[in-house]
Amino acid sequence: MDIKPRRMSFPFNEVKNRFFYKDNAVISAFGAALSSTFPPGEAEFIASVRLYRDKISDQQLLQQIRGFIGQEGHHSHQHKRANEALRELGLDAVRLEKHLEKDIKKYTARKHVTPKFRLAMTVGMEHITAIMAEFVLNNPEVLEPMEDSVKELLYWHAVEEIEHKAVAFDVFMSSENDQKYLRRVLRLVTVLFSARIFFYMVALLWWARKWPSWGEIKGFYRFLWGKKGVISNIRQPYRDYFKDGFHPWDHDNQALVEKWKQQMYRPEHDLGAVTNEPQAQPA
């Protein structure tokens, strides 16, 4: 897979409804909570891969690392813009973004948090984002209720997550070659990430002074566990990670990238190729 960053920009000012997903406060808070984690989370992904870059001699993988850093750096930038737009609407994703940034900085400064653990966490999160990306691109109707600028952000982000989904994994395996360790860390990552998203959703709704209705809660349940639900559809791809010899490209979904280019790509939002490697936030 050729990994080339795209420098995109989206008109988030077009979004006027605070609860932008079918006027459902719970699903909208879920989306805002996820967005709040992307800028500091992706900065940490970049930092964890950089810790190993000097150990890599394979030129193709080094080139993919550069592409990975470029893509993740621009994802961080665009989600910062999205988080600012969400704050203007009354969902303070920026406050949560800053909270996670401080948490990561404190956590990674601890002596027992090794480069191996940091990279393994990145590999686990890259698996989760890649299978969610596959779900979104296979089921574009799930995002249909959103404004175009939000849909296009998520489609673009999903495509690039698929393109670089194996980079952190390949860096880890070429340097550490410990797949059992990756499986253990993914279990931990899943619990920690799920808990953080839950508490961030609660915080967003509390700050917005919004008590969800029973109908909104049921709608959120269907969004996650219904027939077309996110968790219902990523459960099996998630489990594949625990198979012996698993590799991210065992899920051969490169065709989804071509589908996006042909059906969803909006060139007016592409500012041109990123020529310089973006700087990661402190992690």
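About the thresholds
- Residues numbered from 1 in each chain as written.
- Predicted model: local features only at pLDDT ≥ 70, side-chain atom pairs only at ≥ 80, totals over all residues.
- Heavy atoms only, no water.
- UniProt positions renumbered as here; feature names shortened; annotations may be inferred.
- Helix = DSSP H or I, 4+ residues; strand = E, 2+ residues; numbered from the N terminus.
- Core = buried A, V, L, I, M, F, W, Y, C linked by side-chain atoms within 4.5 Å.
- Buried < 20%, exposed > 50% of the residue type's maximum accessible area, 1.4 Å probe, protein only.
- Contact = heavy atoms within 4.5 Å.
- Salt bridge = Lys/Arg side-chain N within 4 Å of Asp/Glu carboxyl O.
- Expected span 1.5 Å × (residues − 1).
- Polar contact = N/O pair within 3.5 Å; in protein donor to acceptor, adjacent residues only side chain to side chain.

A. Region of the structure containing the UniProt feature "transmembrane region" (unreviewed entry) in the protein. Cross-referencing UniProt, the feature "transmembrane region" (unreviewed entry) maps to residues 185–208 in the present numbering. For residues 185–208, helix accounts for 96% and strand for 0%, while the C-alpha atoms at its two ends are 34 Å apart.

B. Structural view of the nonpolar core. By size, the foremost hydrophobic cluster in this structure holds 86 residues, and its most contacted members are Ile-65, Val-171 and Phe-223. With 13 residues, helix α1 (residues 25–53) is the largest single contributor of residues to this core. Setting aside chain neighbours within four positions, we find Phe-223 in contact with Tyr-21, Ile-27, Phe-30, Val-142, Gly-229 and Val-230.

C. Expanded view of the pattern of salt bridges. Counting across every chain of the model gives 15 salt bridges. In this structure, Lys-80 engages Glu-97 in a salt bridge whose closest nitrogen and oxygen atoms are separated by 2.6 Å. One end of the pair, Lys-80, is in helix α2 (residues 59–89); the other, Glu-97, is in helix α3 (residues 93–108), and 17 residues separate them in sequence. Residue class for Lys-80 comes out partly exposed when judged on its relative accessible area of 22%.

D. Spotlight on α2. Compared with the 45 Å implied by 1.5 Å per residue over 31 residues, the 45 Å span of α2 between its first and last C-alpha is a close match. The residue sitting at the N-terminus of α2 and contributing the capping side-chain oxygen is Asp-58; that oxygen lies 3.1 Å from the backbone nitrogen of Gln-60. Gly-90 sits one or two positions beyond α2 and adopts a positive phi of about 115°.

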